[in-house]
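Understanding the architecture of this molecule
Okay, here's what each chain looks like letter by letter:
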Amino acid sequence: IESVASVLPSEVVTSDQLEAGFSHTLRRLGLPPGQVEKLSGVKERRWWDPGTQPSVVAAMAGEKALASAGIRPTDVQALINTSVSRDYLEPSTAAIAAGHLGVGHGCMSFDVTNACVGFLNGMLVGASMIELGQADHVLVTCAETVRDGVEATVRRLAAPDADITTFRDNFASLTLGCGAVAMVLGRRDRSRSGHVLDGGVYRTASEHSGLCLGQHQEMRSDPHGLLVHGVGLGVETFPYAARELGWRADQIDEFVCHQVSLAHFSHTFAQLGLPLERASLTFPFLGNCGPASLPITLALGERQGRIKRGQSLCLFAVGSGLGCCILGVHW
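What you are looking at is a predicted structure, and each value in this text was computed from that prediction instead of being measured. (Residues numbered from 1 in each chain as written. Predicted model: local features only at pLDDT ≥ 70, side-chain atom pairs only at ≥ 80, totals over all residues. Heavy atoms only, no water.)

Observations regarding the overall build of the chain
Helices and strands together make up the secondary structure of the chain, namely 12 helices and 13 strands. C-alpha extents for the chain along the principal axes are approximately 65 × 45 × 35 Å. Here the chain holds 331 residues, and the buried ones make up 53% of them. Of the roughly 14000 Å² that the chain leaves accessible, carbon and sulfur atoms contribute 52%. (Helix = DSSP H or I, 4+ residues; strand = E, 2+ residues; numbered from the N terminus. Buried < 20%, exposed > 50% of the residue type's maximum accessible area, 1.4 Å probe, protein only. Areas by Shrake-Rupley, 256 points an atom, 1.4 Å probe, with all protein chains shown as cover.)

Here we look at the sheet that holds strand S5 (residues 108-111)
The 5 strands are arranged S1-S7-S6-S4-S5 in an open sheet whose pairing can be described as mixed. The open sheet has two edge strands, strand S1 (3-7) and S5, and neither has a second partner. In this sheet, neighbouring strand axes are inclined to one another by 15° on average, regardless of whether the strands run parallel or antiparallel. Examined bridge by bridge, strand S4 (residues 78-81) and S5 share 4 bridges and lie parallel to one another. Of the residues in S5, the one forming a bridge with Leu-79 is Ser-109. Those strands touched by helix H12 (residues 293-303) are S1 and strand S7 (179-186), and its axis lies near 105° from that of S1. (Pairing = 2+ DSSP bridges. Axes fitted to C-alpha atoms, helices over the stretch in contact; angles between N-to-C directions. Contact = heavy atoms within 4.5 Å.)

Notes on the packing of aromatic side chains
All told, the structure shown has 8 aromatic pairs when counted by the stated rule. Ring centres of Phe-238 and Phe-316 lie 6.2 Å apart, and the angle between their planes is 5°; on these two criteria the pair is classed as stacked. With a gap of 78 residues between them, Phe-238 in helix H9 (residues 223-245) and Phe-316 in strand S12 (residues 312-319) connect regions that are remote in the sequence. On the basis of relative accessible area, Phe-238 is assigned to the buried category, the value being 7%. Among the aromatic side chains, those forming a connected cluster through ring pairs are Phe-238, Trp-247, Phe-255, Phe-265, Phe-269, Phe-283 and Phe-316. The ring of Tyr-240 carries Arg-203 above its face, with NZ or CZ at 3.7 Å from the centroid. (Phe/Tyr/Trp six-rings, centres within 6.5 Å; stacked < 30°, edge-to-face > 60°. Lys NZ or Arg CZ within 6 Å of the ring centre and 35° of its normal.)

Focus: unusual backbone geometry
Residue Pro-91 is reached from Glu-90 by a cis peptide bond, and omega for that bond is 0°. Phi at Ala-115 is positive, roughly 50°, even though this residue is not glycine. Following the sequence through the fold, Ala-115 ends up in the loop between S5 and helix H6 (118-131).

Re the state of the cysteines
Between two cysteines, a covalent bond joining their sulfur atoms is known as a disulfide. Under the criterion given, the structure shown has 0 disulfides. Cys-142 forms no disulfide, and the closest cysteine sulfur to it belongs to Cys-289, at a distance of 9.0 Å. Residue Cys-289 is classed as buried on the basis of its relative accessible area of 2%. (Disulfide = S-S within 2.5 Å.)

Comments concerning the packing of helix H4 (residues 54-69) against helix H5 (residues 93-101)
Taken N-terminus to C-terminus, the directions of H4 and H5 make an angle of 55°; their axes are 8 Å apart at the nearest point. In terms of orientation, H4 and H5 fall into the oblique class. When you trace H4 past H5, the crossing you get is right-handed. Of the residues in H5, those in contact with Pro-54, Ser-55, Val-56, Ala-58, Ala-59, Gly-62 and Glu-63 of H4 are Thr-93, Ile-96, Ala-97, His-100 and Leu-101. For the contact of H4 with H5, the class distribution of residues is 7 nonpolar, 4 polar and 1 charged. (Parallel < 35°, antiparallel > 145°, perpendicular 65-115°, else oblique. Left-handed = near helix turned anticlockwise from the far one by under 90°. Nonpolar A, V, L, I, M, F, W, Y, C, P; charged D, E, K, R; others polar.)

So, the pattern of salt bridges
Counted under the stated rule, the structure contains 14 salt bridges. Across the salt bridge formed by Asp-189 and Arg-187, the nearest N and O atoms sit 2.7 Å from each other. Classification of Arg-187 by relative accessible area gives partly exposed; the value is 27%. Look at the salt bridges and you will find they share partners, linking Arg-156, Arg-168, Asp-169, Glu-218 and Arg-220 into a network. (Salt bridge = Lys/Arg side-chain N within 4 Å of Asp/Glu carboxyl O.)

Observations regarding H9
Its 23 residues place the ends of H9 31 Å apart at the C-alpha level, agreeing with the 33 Å of an ideal helix rising 1.5 Å per residue. One or two positions beyond H9, positive phi appears at Gly-246, with a value near 70°. (Expected span 1.5 Å × (residues − 1).)

Brief notes about the packing of H9 against helix H10 (residues 262-272)
Closest axis-to-axis distance for the H9/H10 pair is 9 Å, and the angle between their directions is 40°. When the axes of H9 and H10 are compared, the pair comes out oblique. Note that H9 runs across H10; the crossing there is right-handed. In this structure, H9 contributes Leu-226, Leu-227, Val-231, Gly-234, Val-235, Phe-238 and Pro-239 to the contact, and H10 contributes Ala-263, His-264, His-267, Thr-268, Gln-271 and Leu-272. In terms of residue class, the contact of H9 with H10 is made up of 8 nonpolar, 5 polar and no charged.

Quick look at the sheet that holds strand S11 (residues 254-257)
With mixed pairing, 4 strands are arranged side by side in an open sheet as S8-S13-S12-S11. The strands lining the two open edges of the sheet, one partner per strand, are strand S8 (196-204) and S11. Averaged over neighbouring strand pairs, the angle between their axes works out to 20° when direction is ignored. In terms of strand pairing, S8 meets strand S13 (residues 323-330) through 8 bridges, oriented antiparallel.

Here you go:
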């Protein structure tokens, strides 16, 4: 991992501001204000300007990551975009981002999408390409633009026929935030950073693939089912990762996790007996940025000095589908 860099929107939207758009519905249902922050721990999130295309901000993050790594766009052999958000059904968002960046004609560009574990999947695909000798430098990007979908959700909850089921099914959308991030992967024998991706494992529970169903204007989910089965899958996957990667829990300096809510964090860490203080929490001020959440947390942790050279990191994500991916990194 030669570099990781994030770009965050400037507009901050608090959970109280969102709730103001359907406060009359909350009163009608007998729910006190502050439900979004109380139930999720998300105090605020950030939004891009209306109409912002994912490819544009993905390229902005890519430029930062490449500059940090000292790599020119023309030196990139593969660009893998991993966002849920996309400019069009076709071409790939990666292809458009590649055009913005000015990569060479020898750069393969494609999308890898897998809900909130997509970025870790993109890292594994890029690492495999490097191991196979297909690329020396791979750029993995992710940019989430959720503003339109969240605003549509607020309008849905403000409708006169909105009931407690509507609130429950649409609640997860209210925790979403925007952000962009990019990572440069390179060959270990030519690395300047010394940050090594040691390997990773994956587990799925596809029988629960219907617990979260997202489209452009609506994401419907079963919050309780996602909590129970998502945490269960994470608890199943971690011991397998520890065996495969030769870990003991006390050897991991920092857990860099997908950011969902405090309930997901506390349940997972409690069941695994892991110290929550070793995990950076960004969801209170960024919300859930989908697959961009984990790498943004990694980028911020490095920039703030929490993540230091020589540390052992566990990258840990669970996403709808259900899928769980855990990667080991020696920073």
